[in-house]
Amino acid sequence: MITVGEYLGTRLLQLDVEHLFGLPGDFVLNLIEQLIAASHDGKQLAWLGGTNELNASYEADGYARSFKKISALVTTYGVGELSAINGIAGAYAENVPVLHIVGIPATNQLETDNFYHHMLGDGHFDHFAKAAQEVTDGGLFIDLREAATPENIPDLIDDLLLKILANSRPGYIGVPVDIATTMVSTANLRTELVVPESLDDVENYTNDLRATLSKAFEAGAENFTILAGMLSYRQNVIDDLRRIARINGAQIASQPNAKGIIPRDDVGSLGIYMGEFTDSPKTFEAVENARPLILVGTILSDLLLGQFSHKFDYPNSIELNIGDARIEDRTYSLTMSQSVPILVDVLNELSDKFNLQPVHGLDNVEPAKLEYTGKLTHDHIWDSAQKLIYAAREDVIVTADAGTSFYGALPLELRENDLFLGQIVWASIGYSIPATAGVVHALPNIRPIIFVGDGAAELTIQDLSNLYKYGNKPIVFLLNNDGYTVERLIRDPKAKYHEITSFNWKKLAEGFAGDTPIYTKTLTTAREMQKIVKKLVKLDKPAFIELMLDKTDAPQQMKNVFGFKN
């Protein structure tokens, strides 16, 4: 027998979770103690205290995106869980498997009419669990007065974790103070949690896939096009997609938030597709006119499709999602981890049968030489950022916050093992710093390069403390354009509501670094930006670089997407 908290902690350890993100509170303290007391294969969960619950939710999001099956966020009842709900909503919108663990009042407190702290005082104690269920795939509210008993609590926990894994979306579990230490059986722990895969549709899917693709090639198609989205990362089918890229006849484009899935120098790589705002005409035509078009892990949202300017034939496409597959109007109950490997085999077979030829992807275009003179602009920033990536001695993860940072980073080319992180479907500014602070725990050997605007940074800048405390020499570029540039370009650049309070960013960075030595610099000219690259490549400690820009300077890609005039 072990406690409920230990049981939950052990299950998390079995799912390769090694860290707990969150903040303590009186309703969750004993639960935290039970979670970190759990052990499995000689490992225990490490507690990582956050700077606030919103930042902790972003940290858990970044951790789960880094090829983890799941992550865990711990907060207290009411005030804590509500502070985290924006981050959980983003995880829901972008299919990130985060378990939100909430310590709630003891069952005897829930049975009285007393007005305790963190409560609304109306006699109802499930307001916040109901709110959480709107941004999770089902809620789990453990309460011995109702459905949960010591006998069925392990099953309830297992069912929730399996649902999170199957749907790759957040879940919620509320644990009353006294239930955290209730004793339960360990019998379930002898069985590994594995999402069951359906075998019923495998044969039908395989046959229909072969028949549909054969029909296209018999009708004269000389190649096939895949549009890959970020959900491909959730089920870790990246290696499968890269195998497809080497099949004769393959053309593979990526959605903006999935850049880096296919290295640009792979034969069939088409780079990024975003509707009519796609940089390469070849990429645009390949996706728009594809017969067949295969969508793998895509999200069809406005900013990913160039404000819905796409015209490709969606109804007649093949679509492979996390939990199902679709071929034209037929749907199959297969996970992406089932459907994509079958796709690899079928494409290999048909490429040989129809004698498909290699498709040359994007041409290597020598970028125009940029003059590093005058004041600093976005052009200088992204040209230098590309040089920094190419010269980096480690694998890097480029994280770009929503807004000018994200669109500026889109054209950057990544090396084979580099990664890109951007939350552009939910698009909540301030995501980048805390999310990267989560990534470094899952991927300790990767070097973060973060681009964040001053407006976005003001929301979550305090999480620099965690990034510096646990990070591996992160380089943070603070794009200081004195306010909200995107909104300035949308409406009335001189409006007061675009302005923000001016911070002394260098001193803030040094303060949040505590005892960690860091390098700080403020750049105002193009020449300074050019010189900083060599410095950063050799730098053996974290760096915080403030980049001073005009209020309305923005990447051209962003201006195009939002219809801004030059």
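Structure shown above.
Residues numbered from 1 in each chain as written. Predicted model: local features only at pLDDT ≥ 70, side-chain atom pairs only at ≥ 80, totals over all residues. Heavy atoms only, no water.

Colleague: Provide a residue-level description of the overall build of the protein chain, including the pertinent values.
Modeller: Check the secondary structure of the protein chain and you find 21 helices and 21 strands. A compact globule built from 566 residues would reach a C-alpha radius of gyration of about 24 Å, and the protein chain, at 25 Å, matches this within 12%. The buried share of the protein chain, taken over its 566 residues, is 58%. A fraction of 77% describes how many contacts in the protein chain between residues 6 or more apart in sequence connect residues 24 or more apart. (Helix = DSSP H or I, 4+ residues; strand = E, 2+ residues; numbered from the N terminus. Rg over C-alpha atoms; globule rule 2.2 N^0.38 Å. Buried < 20%, exposed > 50% of the residue type's maximum accessible area, 1.4 Å probe, protein only. Contact = heavy atoms within 4.5 Å.)

Colleague: Report on the layout of surface pockets, specifying residues and quantitative values.
Modeller: Of the voids in this model, the second largest pocket is the one considered here, and its volume is about 470 Å³. Around the second largest pocket, the lining is made up of 18 residues, and of these Lys-69, Leu-165, Val-195, Arg-234 and Gln-235 lie nearest the centre. Put simply, the parts of the chain that give the lining of the second largest pocket at least two residues each are helix H7 (153-167) and helix H9 (231-234). Tallied by class, the residues present in the lining of the second largest pocket amount to 8 nonpolar, 5 polar and 5 charged. (1 Å grid on protein atoms, 1.4 Å probe; cavity = no way out; pocket = protein on both sides within 12 Å on 5 of 7 lines; lining within 4 Å. Points joined across faces, edges and corners; volume = space filled by probe spheres on them. Nonpolar A, V, L, I, M, F, W, Y, C, P; charged D, E, K, R; others polar.)

Colleague: Kindly report on the packing of helix H3 (residues 53-65) against helix H15 (residues 432-442), identifying the contributing residues and their values.
Modeller: Axis separation between H3 and H15 bottoms out at 6 Å; the angle between their running directions is 45 degrees. When the axes of H3 and H15 are compared, the pair comes out oblique. Our pair here, H3 against H15, has a crossing hand that is right-handed. Residues Asn-55, Tyr-58, Glu-59, Gly-62 and Tyr-63 of H3 lie in contact with H15, whose contacting residues are Pro-434, Ala-435, Ala-437, Gly-438, Val-439, His-441 and Ala-442. (Axes fitted to C-alpha atoms, helices over the stretch in contact; angles between N-to-C directions. Parallel < 35°, antiparallel > 145°, perpendicular 65-115°, else oblique. Left-handed = near helix turned anticlockwise from the far one by under 90°.)

Colleague: Which residues make up the packing of aromatic side chains, and what are the values?
Modeller: Considering all chains together, one arrives at 13 aromatic pairs under this definition. On the numbers, 5.7 Å between centres and 55 degrees between planes, the contact of Phe-406 with Phe-420 is tilted. Separated by 14 residues along the polypeptide, Phe-406 in helix H14 (residues 404-409) and Phe-420 in strand E17 (residues 419-421) bring together distant segments of the chain. The buried category is assigned to Phe-406, whose relative accessible area is 1%. For the ring pair Phe-503 and Trp-505, a centre distance of 5.0 Å and an interplane angle of 50 degrees mean the geometry is tilted. Judged by relative accessible area, Phe-503 falls into the partly exposed class, the value being 28%. Feature note: the residues Phe-27, Tyr-77 and Phe-128 constitute an aromatic cluster, connected by ring pairs. Above the face of the Tyr-92 ring, Arg-169 is positioned so that its terminal group lies 4.1 Å from the ring centre. (Phe/Tyr/Trp six-rings, centres within 6.5 Å; stacked < 30°, edge-to-face > 60°. Lys NZ or Arg CZ within 6 Å of the ring centre and 35° of its normal.)

Colleague: Go over the environment of Asp-550 with me, naming the residues and quoting the values.
Modeller: With respect to the helices and strands, Asp-550 occurs in the loop between strand E21 (543-548) and helix H21 (556-561). On the basis of relative accessibility, which here comes to 38%, the residue Asp-550 falls in the partly exposed class.

Colleague: Give me the pattern of salt bridges: which residues, what numbers.
Modeller: Going through the model one piece at a time under the given rule, you end up with 17 salt bridges. Glu-319 is the partner of Arg-326 in a salt bridge, and the nearest nitrogen-oxygen pair spans 3.1 Å. The exposure class assigned to Arg-326 is buried, which follows from its relative accessible area of 12%. Its relative accessible area of 7% is what places Glu-319 among the buried residues. Overlapping salt bridges, with partners in common, bring together Asp-208, Glu-328, Asp-329 and Arg-330 in one network. (Salt bridge = Lys/Arg side-chain N within 4 Å of Asp/Glu carboxyl O.)

Colleague: An account of a positive patch on the surface is requested, with residue identities and associated values reported.
Modeller: Together, Arg-393, Lys-521, Arg-527, Lys-531, Lys-534, Lys-535, Lys-538 and Lys-541 give the surface a local cluster of positive charge. The greatest single-element share of the positive patch, amounting to 5 residues, is contributed by helix H20 (residues 526-538). Here Arg-393 is to be found in the loop between helix H13 (378-391) and strand E16 (396-400). (Patch = residues over 30% accessible without salt bridge, like charges linked within 9 Å, V, L, I, M, F, W, Y side chains within 5 Å. Areas by Shrake-Rupley, 256 points an atom, 1.4 Å probe, with all protein chains shown as cover. Lys, Arg positive; Asp, Glu negative; His and termini not counted. Charge placed at Lys NZ, Arg CZ, Asp CG, Glu CD.)

Colleague: Could you give an account of the environment of Ser-39, naming the residues involved and the relevant values?
Modeller: If you trace the backbone, Ser-39 turns up in the loop between helix H2 (29-37) and strand E3 (46-49). A C-alpha to C-alpha distance of 27 Å links Ser-39 and Ile-88, two positions 49 residues apart in sequence. Those residues within four positions of Ser-39 in sequence are excluded, and the remaining contacts are Thr-10, Leu-13 and Gln-44.

Colleague: Give me the sheet that holds strand E13 (residues 318-320): which residues, what numbers.
Modeller: What the 7 strands build is an open sheet, ordered E11-E10-E9-E12-E13-E14-E15; its pairing is mixed. In the strand order of this sheet, the two ends are held by strand E11 (269-272) and strand E15 (330-332), each with one partner. Neighbour to neighbour, the strand axes of the sheet diverge by 15 degrees on average, direction disregarded. Relative to E13, strand E12 (residues 293-296) runs parallel, the two sharing 3 bridges. Directly across from Leu-295, in E13, lies its bridge partner Glu-319. Along the sheet, helix H12 (residues 336-353) contacts strand E9 (224-228), E12, E13 and strand E14 (325-327); its crossing angle with E13, the most-contacted strand, is approximately 135 degrees. (Pairing = 2+ DSSP bridges.)

Colleague: Give me the lowdown on the sheet that holds strand E19 (residues 475-480), citing residues and values where you can.
Modeller: Spatial ordering of the open sheet is given by E17-E16-E18-E19-E21-E20, a layout of 6 strands whose pairing is parallel. Of all the strands in the sheet, the pair left with one neighbour each is E17 and strand E20 (519-523). Sheet twist, expressed as the mean angle between neighbouring strand axes with direction ignored, is 15 degrees. Pairing analysis gives 3 bridges linking E16 to E17, with the strands arranged parallel. Among the inter-strand pairings, Val-398 is bridged to a residue of E17, identified as Phe-420. Each of E16, E17 and strand E18 (447-453) is contacted by H15, which is oriented at about 170 degrees to E18, the strand it contacts most.

Colleague: Run through unusual backbone geometry, naming residues and quoting values.
Modeller: Excluding glycine, residues mostly have negative phi values, and the peptide bonds linking residues are mostly trans. Looking along the chain, the bond that leaves Arg-291 and enters Pro-292 is cis, with omega of 15 degrees. Looking at the secondary structure, you find Pro-292 in the loop between helix H11 (281-288) and E12. Phi is positive for Asp-41, which is not a glycine, with a value near 55 degrees. Mapped onto the secondary structure, Asp-41 falls in the loop between H2 and E3.

Colleague: I'd like a description of the side chain of Thr-335, backed by residues and values.
Modeller: Within the secondary structure, Thr-335 sits in the loop between E15 and H12. Overall, the relative accessible area of 13% leaves Thr-335 in the buried class. A polar atom in the side chain of Thr-335 sits 2.9 Å from the side chain of Ser-337. Leaving out residues up to four positions away in the same chain, Thr-335 has contacts with Glu-197, Gln-235, Asn-321, Ile-322 and Gly-323. (Polar contact = N/O pair within 3.5 Å; in protein donor to acceptor, adjacent residues only side chain to side chain.)

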